[in-house]
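# Fold and contact review
Residues per chain are reported as follows:
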Amino acid sequence: MILKGKKGLITGVANQRSIAWGIAKSCWQQGAELCFSYPSERLKGSVESLIQGEGKSAPLFECDVTKDESIADLFARIEKEVGKIDFLVHAIAFAKREDLDGEFQDTSRDGFATALDISAYSLTALSHHAVAAMNPGGAIVSLSYIGGEKVIPHYNVMGVAKAALECSARYLAHDLGKQGIRVNIVSAGPIRTLAAKGIGDFNKMLSISENRSALHRNVDTAEVGDTAAFLVSDMARGITGELVHVDAGYHCVSFSFAEEQAKAG
Ligand code: NAD
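## Quick look at the pairing of strand β6 (residues 182-188)
For β6, a buried count of seven out of seven residues is recorded, marking the element as mostly surrounded by other parts of the structure. Neither face of β6 is open: one carries R182, N184, V186 and A188, the other V183, I185 and S187, and all of them are buried. Note on the crossover from strand β5 (residues 134-144) through helix α5 (residues 156-176) to β6: the handedness is right-handed.

Right, dumping it as structure tokens:
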């Protein structure tokens, strides 16, 4: 029960496959009290029924991260209705479908701005507003993918957004460290979710990652959830500005070596 007595905000639950939902379940298992945000009225019902399905109740707040007033309103309502929180889970990303197929060089100006705004800047905007609503010793965790470190075909502008997100987390860790708030990133292996559906050749990403990872398998949302729960807990009180890979060790294996080994049988 490493999160007993802690209150957290979970963003990014779209359905039962969402990584944010895996994180929410891990946080509940560890004793946390949670509230959730959803981007539009359309998604509210689905988040509500997931929560009820777990036999839980939790406050829900609307927040579209492309709007500063929506973010300010979210934290004002949380302070009023929930009180100070101890952690924030940022599990939000979006890019236009046409920018997640083919080549990165074809990314439009508008597609680039949209992906970077929703998938990277939103961490800074949410963190900025979250500080005032957080208890000392608070923690923030966000989600990335190895496509932010290395070229993964079709991941394209989302890879650029993830690089910006990872770097933002380090700058935020420095700034918010003055208030004792930690900021970390979990870099997850590929998982079949709604957001992943839009990525060209996603099935190939899954099978390559399964074949080449050190553990020779893919990860699930519960594994990502448990790591995120650890990172927002006091067990991780000395960790900030860190990128933790939860990808069955895919990141540590040399691609060319794995390829040669596979060819050799
Ligand atoms: P998902 O589709 O379940 O979650 C994405 C969430 O972003 C949705 O809940 C959606 O409502 C939210 N969102 C989009 N635009 C928004 C806006 N304007 N305001 C507020 N919320 C908005 O997919 P997921 O795979 O669980 O994605 C969660 C995070 O995990 C993302 O950052 C994603 O890039 C990252 N990630 C996913 C994988 C994977 O393979 N699925 C791997 C590594 C990292």
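## A word on the packing of helix α3 (residues 68-81) against helix α4 (residues 109-130)
Packed helices, taken two at a time, are described by their axes: the angle between them and the distance between them. With their axes 9 Å apart at the nearest point, α3 and α4 run at an angle of 35° to one another. The interaxial crossing formed by α3 with α4 has right-handed handedness. For the pair α3 and α4, the contacting residues are I71, A72, L74 and F75 in the first and A125, L126, H129 and A130 in the second. For the contact of α3 with α4, the per-class residue count stands at seven nonpolar, one polar and no charged.

## Description of the environment of S142
Assignment of secondary structure puts S142 in strand β5. Given the relative accessible area of 1%, S142 is considered buried. Separated by 41 residues in the primary sequence, S142 and V183 place their C-alpha atoms 8.1 Å from one another. When residues no more than four places from it in sequence are discounted, the contact partners of S142 are H90, L123, L165, N184, I185 and V186. Within the local environment of S142, its side chain forms a polar contact with the side chain of H90, the two groups lying 2.8 Å apart.

## As for the nonpolar core
Counting residues in each nonpolar core, the largest one holds 48 residues, and the members touching the most others are L9, L74, F75, I78, L126 and I140. Secondary-structure elements contributing two or more residues to this core are α3, β4 (85-90), α4, β5, α5, β6 and α7 (202-212). Among all residues touching F75, those that are not within four sequence positions of it are L9, I85, L126, H129, A130 and A133. Core analysis: the next-biggest nonpolar cluster, separate from the first, contains 37 residues, L34, A139, V219 and V232 among them.

## Concerning the site of the ligand
Taken together, 28 residues are adjacent to the ligand, and S18, I19, K162, I191 and T193 come closest. Take S18: an N or O atom from its side chain is 2.6 Å from an oxygen atom of the ligand. Between the ligand and I191 there is a distance of 2.7 Å, counted from an oxygen atom to a backbone nitrogen or oxygen. Compared with its free state, where it exposes 820 Å², the ligand has 91% of that area covered by protein. Judged by the proximity of its atoms to the pocket grid, the ligand belongs to the largest pocket. Among the secondary structure elements, those contributing two or more residues to the shell around the ligand are β5 and α6 (194-197).

## Concerning the sheet that holds β6
Sheet architecture is open: seven strands sit in the order β3-β2-β1-β4-β5-β6-β7, paired in parallel fashion. For this open sheet the edge positions go to β3 (60-62) and β7 (243-246), each flanked by a neighbour on one side alone. Here the average twist between neighbouring strands, direction ignored, is 20°. Strand direction decides the pairing type here: strand β2 (residues 33-38) and β3, joined by three bridges, are parallel. Looking across to β3, one finds that F36 is bridged to L60. With respect to the sheet, helix α1 (residues 19-29) is in contact with β1 (7-10), β2, β4, β5 and β6, its orientation differing from that of β2 by roughly 165°.

## A short note on the packing of aromatic side chains
Considering all chains together, one arrives at four aromatic pairs under this definition. Aromatic pair W21 and F36: ring centres 6.2 Å apart, planes at 40°, arrangement tilted. A residue pair is termed long-range when its members are at least 10 positions apart, and W21 in helix α1 and F36 in strand β2 qualify at 15 residues. On the accessibility criterion, F36 (0% relative accessible area) is buried. Taking the centre distance of 4.8 Å and the plane angle of 65° together, the rings of Y145 and Y155 count as edge-to-face. Here Y145, found in the loop between β5 and α5, pairs with Y155, found in the loop between β5 and α5; they are 10 residues apart in sequence, far enough to count as distant. Each member of the pair, Y145 as well as Y155, is classed as buried. Three or more aromatic residues link up through ring pairs in this structure, and these residues are W21, W28 and F36.

Reading the values: rules and limits
Residues numbered from 1 in each chain as written. Predicted model: local features only at pLDDT ≥ 70, side-chain atom pairs only at ≥ 80, totals over all residues. Heavy atoms only, no water. Buried < 20%, exposed > 50% of the residue type's maximum accessible area, 1.4 Å probe, protein only. Helix = DSSP H or I, 4+ residues; strand = E, 2+ residues; numbered from the N terminus. Right-handed = clockwise from strand over helix to strand, strands pointing away. Axes fitted to C-alpha atoms, helices over the stretch in contact; angles between N-to-C directions. Left-handed = near helix turned anticlockwise from the far one by under 90°. Contact = heavy atoms within 4.5 Å. Nonpolar A, V, L, I, M, F, W, Y, C, P; charged D, E, K, R; others polar. Polar contact = N/O pair within 3.5 Å; in protein donor to acceptor, adjacent residues only side chain to side chain. Core = buried A, V, L, I, M, F, W, Y, C linked by side-chain atoms within 4.5 Å. Near = heavy atom within 4 Å. Areas by Shrake-Rupley, 256 points an atom, 1.4 Å probe, with all protein chains shown as cover. 1 Å grid on protein atoms, 1.4 Å probe; cavity = no way out; pocket = protein on both sides within 12 Å on 5 of 7 lines; lining within 4 Å. Sits in = over half its atoms within 2 Å of the grid points. Pairing = 2+ DSSP bridges. Phe/Tyr/Trp six-rings, centres within 6.5 Å; stacked < 30°, edge-to-face > 60°.

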